[in-house]
Amino acid sequence: MLHQIIDRRLAGKNKSIANRERFLRRFKGHIQRSVADAVRDRSITDLEKSKSISIPRKDVSEPFFHHGRGGRREAVHPGNQDYLQGDRIPRQGGGGGGGGSSASNEGEGQDDFTFELTREEFMNYFFEDLELPRLVETNLLQVPNWKNQRAGYSVDGSPNNIDVVRSLRSSLGRRIAMGGPLQRQLDIAEETLAEMKRMPDEHTADIKLLEEEVRQLRARILRIPFIDPFDLRYVNRVRQPQPSSRAVMFCVMDVSGSMDEQRKDLSKRFFILLYLFLTRNYEHIEVVFIRHHTRADEVDENTFFHSQESGGTVVSSALELMHDIITKRYSPSEWNIYGAQASDGDNWNDDSPKCRELLESAILPLTRYFAYIQVAEPEQNLWTEYMQLIDSHPHFAMKKVQSAAEIYPVFRELFEKQVHA
């Protein structure tokens, strides 16, 4: 017997979207590993482009309904010149028709399952388990965010806000209240009428009166409307101010003469990744760009990433400028303040202790998290000074980056989502 399963769900054109999302959820682990591998093979500036992802075909099989191949079957295959009916065909020892990169001469192989992640999907997986550490809700903004919240029900409102269940419940209560007494009178009248009809000769006049009363009672019950404007209930929503998580990120980059093009490129790549992460995941985020050599300047994004200006090294000038900007524009009681500094660590010997003192006494007490990235292997005097702050300041982190392949792992370590108890 032939069976057919017909999908009659009215999903319309969105059915393919639902299936795609279900597929992405099911193979989330494979996709995350593929995204991590893809990041190592592509430049940071290409992160927002779509990407082809491959999954081993053996991992995408799904159960399905099918009929077993029972009974006797005869088939004629064209091109057979070696065997007749009833001959025993020896088992082949080689591979059975694999293909692609996974096919070989020693066994079976199958092509990997390849599909395209959209730009939005790629970025979702890329930043999924990252967050700004120690982020808290600050005070209400001067122009606060407003959010509509449900606040019970009302008897008037927009038709779009009608609560059907609540309205039907009110309708049922009204019909019970109005029709209950009438229904009891009708039941009594019908019972009396039934008794009189057993002796119609004795109650002829009374029967006619009762029949008229029953008719009128039924008409009155039928006139009770199923739904009345009085029954309608609307979802009531009120606008309430919401606390907003406001954050500012200070990006401090060394552009002195000791920072060659490779080191500057590593710093830029890290800050580009950080900038994409911040602007994507936080609505109320401001980014302050500071470049420094012997003098520190607050610059715009284009100047920060593309200016060719260079010179000597005085790192403390950047920290002093950062502290001044925080004092003038970003109150710690209203802002979550973060900092990220990238440098090769080369600094004047008498300036590095000053940097440590500035960081310890002026910067770290005001910030929720500060990350220092050294784009060189040798431990310079700035690294040595900063190391003294690690044990006493848990919101201060230091990492080294020597190649583009290390940027992404280091970035994930610095901004890994915290597990809250």
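Everything quoted here is computed from the prediction, not taken from an experiment.

What counts and what doesn't
Residues numbered from 1 in each chain as written. Predicted model: local features only at pLDDT ≥ 70, side-chain atom pairs only at ≥ 80, totals over all residues. Heavy atoms only, no water. pLDDT = per-residue confidence, 0-100. Helix = DSSP H or I, 4+ residues; strand = E, 2+ residues; numbered from the N terminus. Contact = heavy atoms within 4.5 Å. Buried < 20%, exposed > 50% of the residue type's maximum accessible area, 1.4 Å probe, protein only. Pairing = 2+ DSSP bridges. Right-handed = clockwise from strand over helix to strand, strands pointing away. Patch = residues over 30% accessible without salt bridge, like charges linked within 9 Å, V, L, I, M, F, W, Y side chains within 5 Å. Areas by Shrake-Rupley, 256 points an atom, 1.4 Å probe, with all protein chains shown as cover. Salt bridge = Lys/Arg side-chain N within 4 Å of Asp/Glu carboxyl O. Core = buried A, V, L, I, M, F, W, Y, C linked by side-chain atoms within 4.5 Å. Axes fitted to C-alpha atoms, helices over the stretch in contact; angles between N-to-C directions. Parallel < 35°, antiparallel > 145°, perpendicular 65-115°, else oblique. Left-handed = near helix turned anticlockwise from the far one by under 90°. Nonpolar A, V, L, I, M, F, W, Y, C, P; charged D, E, K, R; others polar.

Trainee: Go over the confidence of the model for the protein, please, and point to the residues and values.
Mentor: Summary statistics for the protein give a mean pLDDT of 76 and a share of 71% for residues scoring 70 or more. Mean pLDDT in the protein bottoms out at strand E1 (residues 51-55), which sits at 66, and peaks at helix H8 (residues 316-329), which reaches 93. Below a pLDDT of 50 lies the segment residues 95-109, which in the model reaches 15 contacts outside its immediate sequence neighbourhood of four places, other chains included. Low pLDDT, under 50, characterises residues 136-143; the stretch is placed with 23 contacts to residues that sit more than four places away or in other chains.

Trainee: Could you give me a rundown of the pairing of strand E5 (residues 247-254), with the residues and numbers involved?
Mentor: In terms of burial, E5 is largely enclosed, as 8 of its 8 residues are buried. Alternating residues of E5 divide into Ala247, Met249, Cys251 and Met253 and Val248, Phe250, Val252 and Asp254, and every residue in both groups is buried. Across 8 bridges, E5 lies against strand E6 (residues 285-292) in parallel orientation. For Asp254, the partnering residue across the bridge sits in E6 and is His292. Taken together, the 7 bridges between E5 and strand E8 (residues 336-343) define a ladder with parallel strand orientation. In the sheet register, Ala247 faces E8, and the bridge partner there is Asn336.

Trainee: Tell me about the side chain of Gln341, and please be specific about residues and values.
Mentor: Structurally, the position occupied by Gln341 is in strand E8. Accessibility expressed as a relative area gives 0% for Gln341, which makes it buried.

Trainee: Any chance you could break down the pairing of strand E9 (residues 369-374) for me, citing the residues and the numbers?
Mentor: Counting buried positions along E9 yields 6 of 6 residues, so the element is predominantly enclosed. Bridge count between E8 and E9: 6 bridges; the pairing is parallel. Bridge pairing links Tyr338 to Tyr369 in E9. Running through helix H9 (residues 352-363), the crossover from E8 to the neighbouring parallel element E9 is right-handed. Inspection of the sheet shows E9 paired to strand E10 (residues 396-400) by 5 bridges, in the parallel sense. Across the sheet, Gln374 pairs through a bridge with Lys400, a residue of E10. A crossover connection joins E9 to the parallel E10 through helix H10 (residues 381-387); in handedness this β-α-β unit is right-handed.

Trainee: Give me a nonpolar patch on the surface: which residues, what numbers.
Mentor: Together, Ile162, Val164, Leu168, Phe226 and Ile227 make up an exposed nonpolar region whose accessible area comes to about 440 Å². One can find Phe226 in the loop between helix H5 (204-222) and strand E4 (234-242).

Trainee: With reference to specific residues and values, describe the nonpolar core.
Mentor: Within the largest apolar cluster, 32 residues are counted, with the highest numbers of intra-cluster contacts made by Met249, Phe270, Phe271, Leu274, Phe304, Leu414 and Phe415. Contributing elements (two or more residues each) for this core: E5, helix H6 (261-281), E6, helix H7 (301-306), E8, E9 and helix H11 (407-414). Of the residues forming this core, the biggest block, 7 residues, is contributed by H6.

Trainee: Break down the packing of helix H4 (residues 164-198) against H5 for me, citing the residues and quoting the values.
Mentor: Interaxial distance between H4 and H5 falls to 9 Å at its minimum, and their mutual angle equals 155 degrees. Judged by the inter-axis angle, H4 sits roughly antiparallel to H5. In terms of crossing hand, the pair formed by H4 and H5 is left-handed. Facing H4, whose interface residues are Leu182, Gln183, Gln185, Leu186, Ala189, Glu190, Thr192, Leu193, Met196 and Lys197, H5 presents Asp206, Ile207, Leu210, Glu211, Val214, Leu217, Arg218, Arg220 and Ile221. Residue composition of the contact of H4 with H5, grouped by class: 10 nonpolar, 3 polar and 6 charged.

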